[in-house]
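Each chain, letter by letter, is given below.
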Amino acid sequence: IPNTSNVSFDDGLISGRLYSGALLGRTDCCLTVGVIGGSVPCGGHGAPNPRRFHARGQPVRGAHDAWPARLEMLLNNAYSACCSRGHVVLNLCRSGSGSDYFVETFDTQIAEPVAAAGGVQLMVVDTATNDYNQVLHDIKRLSEERRRELVLEAPILIEALLRQLLSLRPQPQVLYLQTAWFCAEP
């Protein structure tokens, strides 16, 4: 797979089993991918941070420059011959949001946009960082009991989200991953 705009993906992910599995039973190779997650797939929160970088050293400048937009560009560059209308990546991100938000707002934030797009073959879930952020950021202010509750609650919410995603029709493949920002040295 070509390296597009200094973004590289493991070609086993895109051209291997996941890509072919997402297209199983389809007559064309056009792919619609949904992405949910917090600030990383949104391209950050607030003003652009000059210290926030892609792995290759370019600064991230918002959702148009975040990894979902670059994934769409990569898919369209690598697989344009079989998909003349272009592959689509629906970035349904919301900064600062974890699985709890997407479980609570599933119908309006996920199901409706996915249905309007005619379904997705692949749903990428990038909520891992925010699922535990409250514990990590508030660790000094939270009681030990509340920290334990939050840590135990996250897998339950993740499973609930996964069950909701698998209820979508057509049923998408689901990829759960964790991404993070890379910051330059001060």
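This is a predicted model, so every value here is computed, not measured.

Trainee: Describe the sheet that holds strand S1 (residues 32-37), with residues and values.
Mentor: Pairing in this open sheet of 4 strands is parallel, and the strands run S3-S1-S4-S5 from one edge to the other. Whereas interior strands pair on both sides, the edge strands pair on one side only; in this sheet they are strand S3 (88-91) and strand S5 (173-176). Between one strand axis and the next, the sheet turns by 20 degrees as a mean value, whatever way the strands run. Bridge count between S1 and S3: 4 bridges; the pairing is parallel. The residue of S3 that forms the bridge with Val35 is Asn91. Its contacts with the sheet place helix H4 (residues 67-78) against S1, S3 and strand S4 (122-126), and it is angled at close to 170 degrees to S3. Here helix H8 (residues 144-166) sits on the sheet in contact with S1, S4 and S5, set at roughly 155 degrees to S5.

Trainee: Describe helix H6 (residues 106-116), listing the residues and the values that go with them.
Mentor: Listing the buried residues of H6 in full gives Phe106, Ile110, Ala111 and Val114. Seen from one end, H6 has its buried residues packed into an arc of 80 degrees, which puts them on one side. Facing away from the buried side of H6 by more than 90 degrees, the exposed set consists of Glu112 and Ala116. For H6, the elements touching its buried residues are S1, S3, helix H5 (99-104), S4 and H8. Trailing H6 by a residue or two, Gly118 shows a phi angle of about 85 degrees, which is positive.

What counts as what
Residues numbered from 1 in each chain as written. Predicted model: local features only at pLDDT ≥ 70, side-chain atom pairs only at ≥ 80, totals over all residues. Heavy atoms only, no water. Pairing = 2+ DSSP bridges. Helix = DSSP H or I, 4+ residues; strand = E, 2+ residues; numbered from the N terminus. Axes fitted to C-alpha atoms, helices over the stretch in contact; angles between N-to-C directions. Contact = heavy atoms within 4.5 Å. Buried < 20%, exposed > 50% of the residue type's maximum accessible area, 1.4 Å probe, protein only. Arc of directions from axis to C-beta.

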